[in-house]
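# Summary of the model geometry
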Amino acid sequence: MHFLDLPDDILIEILQLIDGPQPRKFFALSNIRRTCKHLVPLVEPLMFAELQVLISISHLPAILLLAGSYGRHVRILRLDLRLDLKEIGYPSDERLHDFDTELALLVSQLPAVRDLEILVPCDGGILLPNLTYALGEFREVRHFRLMEENSRTRESAAGAVFGLSDGLIRTLIKSSGSNLISFVFDGHSLASAAAFQAVCDQTPRLRTFLVRSWIGPQCSKLLDDALPWACRDSLRALSLQNCTAVTGDVVARGLSVKLWATNLRIFELVQCGVHGAPPVAQSQPVSFNIPTLQRLTLEHPLAWELDILAKLPARVATLTLIPRENVKQIVQDGLIPGMEKLTVAKLSEDDPRDDSAIDDACRRRGVELFKDPKWIGSCYCGFTE
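The structure contained in this document is the topic of the report that follows. A quick note: this is a predicted structure, and the numbers were derived from the prediction, not measured.

Reading the values: rules and limits
Residues numbered from 1 in each chain as written. Predicted model: local features only at pLDDT ≥ 70, side-chain atom pairs only at ≥ 80, totals over all residues. Heavy atoms only, no water. Core = buried A, V, L, I, M, F, W, Y, C linked by side-chain atoms within 4.5 Å. Buried < 20%, exposed > 50% of the residue type's maximum accessible area, 1.4 Å probe, protein only. Contact = heavy atoms within 4.5 Å. Phe/Tyr/Trp six-rings, centres within 6.5 Å; stacked < 30°, edge-to-face > 60°. Helix = DSSP H or I, 4+ residues; strand = E, 2+ residues; numbered from the N terminus. Salt bridge = Lys/Arg side-chain N within 4 Å of Asp/Glu carboxyl O. Pairing = 2+ DSSP bridges.

### Things to note about the nonpolar core
By size, the foremost hydrophobic cluster in this structure holds 98 residues, and its most contacted members are Phe183, Trp214, Ile215 and Phe267. Contacts of Trp214, omitting those with residues within four sequence positions, involve Ile169, Phe183, Phe185, Ser189, Leu190, Ala191, Ala195, Phe196, Val199, Phe209 and Cys243.

### A word on unusual backbone geometry
Backbone geometry places Ala226, a non-glycine residue, at a positive phi of 55°. Overall, Ala226 belongs to the partly exposed group, its relative accessible area being 29%. Despite not being glycine, Ile336 shows a phi value in the positive range, around 50°. For Ile336, a relative accessible area of 0% translates into the label buried.

### Some thoughts on the packing of aromatic side chains
Each aromatic ring pair is described using two quantities: the centre-to-centre distance and the angle formed by the ring planes. This model, assessed by the stated rule, comprises eight aromatic pairs. Note on Phe196 and Trp214: the rings are 6.1 Å apart at their centroids and 70° apart in plane angle, and the pair reads as edge-to-face. Here Phe196, found in helix α8 (residues 193-201), pairs with Trp214, found in the loop between β6 (208-212) and α9 (220-224); they are 18 residues apart in sequence, far enough to count as distant. Phe196 sits in the buried class, given a relative accessible area of 2%. For the pair Trp229 and Trp260, a centre-to-centre distance of 4.9 Å together with 15° between the ring planes defines the contact as stacked. With Trp229 in the loop between α9 and β7 (237-241) and Trp260 in the loop between α10 (248-256) and β8 (266-270), the pair connects residues that are 31 residues apart, well separated along the chain. Judged on exposure class, the residue Trp229 and its partner Trp260 are both buried. An aromatic cluster is present here, built from Phe144, Phe183, Phe185, Phe196, Phe209, Trp214, Trp229 and Trp260 joined pairwise through their rings.

### With respect to the pattern of salt bridges
Under the defined criterion, the tally for this structure stands at 13 salt bridges. Measuring nitrogen to oxygen at the nearest pair gives 3.8 Å for the salt bridge that ties Glu268 to Arg295. With Glu268 in strand β8 and Arg295 in strand β9 (residues 293-299), this residue pair connects regions lying 27 residues apart in the sequence. When its relative accessible area of 14% is taken as the criterion, Glu268 is described as buried. Notably, a salt bridge pairs Lys371 with Asp359, separated by 3.2 Å at the nearest N-O pair.

### Let's talk about the pairing of β8
Counting buried positions along β8 yields four of five residues, so the element is predominantly enclosed. In terms of strand pairing, β7 meets β8 through five bridges, oriented parallel. Bridged to Ser239 within β8 is Glu268. Relative to β9, β8 runs parallel, the two being bridged by five bridges. Along β9, the bridge assignment pairs Leu269 with Leu298.

Next up, the structure:
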């Protein structure tokens, strides 16, 4: 039997075995596409399934032409909007409007996107209303990642609600929230109350929720209201990093009575809250009656928060930027129930302290101890292990 006599579904399975980094994979498929007309409709959906666009005024016409022909095949879209401000004449409103219009036209020609990643400059002077509106046409996005690069200018939106990011999130959640499986925000700006509530209320299938800095003072009332999240039955991985509104008592409310998740597997709390904040009194002892976590990471919690968070059950725990004495006490007192493996930061070679107490406590409890110098976040408060 000739290769081309195989059924199309078999040919497609064979073509899907071609793998490798872009653009090598693209060129390999392109070469196959040129060999025979019969293969063109089979190869094109694979060639253009992943589109990475580094936005440039000079490149947009060619990109639009390409999207007009092959946009229906695109499943993965990575959109880099770190604008060359000189190229578009920023802060010229007219040039920025033209740029925004062309971006919206591009997005409108990609109706089948399932995986969306957007990189934006965290610059409060940039708003792209047409692009934001166009994202409302995406109905089937499963994975959404928004990353911000701090513009470090007088227009920087770091530490404040950034209209562009906030609008993109609210629009995408409204159109695709019911299908969203993962939401990742790695940036410098804060969520508006409306954006945070949209994620909490409109993402019933969400399995992964990872945010850096995003949950700030604007979200405090929503957290205090202690309302259940729509994704509580589906959420499996929750990572909260550098979120000032998330403190130990907030976590206790969210997890102890399963408002956030009923079957969480991975939980990371990294340098959240406000350093030096006074303890929050608990009306009654906290008890986490939840399934044992597969992995728990706690980085730089305050002492009173650690008293709460160390009651979380987990098989594998990572404790960093926490005083050595506190770590030893956690192991000795049987806290972090179910713990089988523990990772702590490795002391430097010139550190005179003796780590044998932690070693002995882990040995007596039957916990496998690892020492790793890596931290997740960056802290400037001067604390050392």
